[in-house]
Amino acid sequence: NRPTHVAICPKSGYLFVSDGYGNSRVHKYAPDGKYVMSWGEPGTDPGQFNIPHNICCDAEGWVYVADRENHRVQVFALPDFRPLGSFGQGELRSPYGLWLNAASVPGNNGSLDIYVTDNFMEGARFDVVPPLEQLDQRVRRYVVGRKATA
């Protein structure tokens, strides 16, 4: 309806479109562009969204969704979009951008650096730049690890 971002899964080639302004859903398309499915609905529970604003995928097939007005990033496992968890609650104001970097985590061990851009504006209409000492909060770094399975 009104997409906010698109990501390509490096593992499968599937395309994911966050549809934040109209549907609070994520749409999945095959590498040839054919529609496969959609998931999500408005709400605050795992798998529910309030403006999914950005999306990205890692090399293992995990999908990360910046759930802007729920103030979090949700993580899902492919192929069934099983919720794995979320992060950023209590810290993020309006996350709107994601960037993954596996190479920057010392020793890696399957961990990823995830940088989240956050709309850290103030004022009733979010039109006031915050004080200089708070501007570093506009980009936050999280390290997301993976548990080894036997």
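Residues numbered from 1 in each chain as written. Predicted model: local features only at pLDDT ≥ 70, side-chain atom pairs only at ≥ 80, totals over all residues. Heavy atoms only, no water.

## Topic: the overall build of the chain
Short version of the rule: Each helix corresponds to a stretch of at least 4 residues labelled H or I by DSSP, and each strand to a stretch of at least 2 residues labelled E; elements are numbered beginning at the N terminus. Note on contacts: a residue pair is in contact if any heavy atoms of the two residues lie within 4.5 Å. Per-residue and other accessible areas follow the Shrake-Rupley method at a 1.4 Å probe size, with only the shown protein chains counted as cover for residues.
For the chain, the helix and strand inventory stands at 0 helices and 11 strands. Ordered by position in the sequence, the α and β elements of the chain form the string β-β-β-β-β-β-β-β-β-β-β. Partitioning the contacts of the chain with sequence separation of at least 6, the portion at a separation of at least 24 is 41%. Roughly 8100 Å² of accessible area belongs to the chain as shown, and the carbon and sulfur atoms make up 53% of that amount.

## What to know about the confidence of the model for the chain
Here is the rule: pLDDT expresses, on a scale from 0 to 100, how confident the predictor is about each individual residue.
Across the chain, pLDDT averages 86, with 87% of residues at or above 70. Confidence, expressed as mean pLDDT per element, reaches its minimum in the chain at strand E11 (residues 139-144) with 88 and its maximum at strand E7 (residues 72-77) with 96.

## Things to note about the pairing of strand E1 (residues 5-8)
As a reminder, the rule being used: Strand pairing is defined by DSSP finding a minimum of two bridges between the two strands.
As judged from the 4 bridges shared by E1 and strand E2 (residues 15-19), these two strands associate in the antiparallel manner. Counterpart to Ile8 in the pairing with E2 is Leu15. What sits between the antiparallel neighbours E1 and E2 is a turn of 6 residues, in which Gly13 has the positive phi angle 85 degrees.

## Notes on the pattern of salt bridges
Spelled out, the test is: Take a side-chain nitrogen of Lys or Arg and a carboxyl oxygen of Asp or Glu: if they are within 4 Å of each other, that pair is a salt bridge. In this scheme, a residue with accessible area under 20% of its type's maximum is buried, one over 50% is exposed, and one in between is partly exposed, where area comes from a 1.4 Å probe on protein chains only.
According to the stated counting rule, one finds 3 salt bridges in the structure shown. Measuring nitrogen to oxygen at the nearest pair gives 2.7 Å for the salt bridge that ties Asp113 to Arg141. Residue Asp113 is located in strand E10 (residues 112-118), and its partner Arg141 is located in strand E11; the two are separated by 28 residues in the primary sequence. Residue Asp113 is classed as buried on the basis of its relative accessible area of 1%. According to the relative accessible area criterion, Arg141 is partly exposed, its value standing at 46%.

## Details of the nonpolar core
The criterion, for reference: We call a set of buried residues a nonpolar core when its members are Ala, Val, Leu, Ile, Met, Phe, Trp, Tyr or Cys and they connect through side-chain atoms within 4.5 Å of each other.
In this structure, Tyr64, Val73, Phe87, Leu98, Ile114 and Val116 are the most contacted members of the largest nonpolar core, which totals 16 residues. Among the elements of the structure, strand E6 (62-67), E7, strand E9 (95-101), E10 and E11 are those that each provide at least two residues to this core. The contacts of Ile114, once residues within four sequence positions are left out, are Tyr64, Phe87, Leu98, Trp99, Leu100, Arg140, Arg141, Tyr142 and Val144. Within the second largest apolar cluster, 12 residues are counted, among which are Phe16, Val26, Phe49 and Val65.

## Looking at unusual backbone geometry
In this chain, Leu78 is followed by Pro79 through a cis amide linkage whose omega measures 10 degrees. Positioned with a positive phi, Ser24 is a non-glycine residue whose angle comes to about 55 degrees. On the secondary structure map, Ser24 appears in the loop between E2 and strand E3 (25-29). You will see that His71, though not glycine, has its phi angle at about 60 degrees, which is positive. Here His71 shows up in the loop between E6 and E7. Judged by relative accessible area, which is 33%, His71 ranks as partly exposed.

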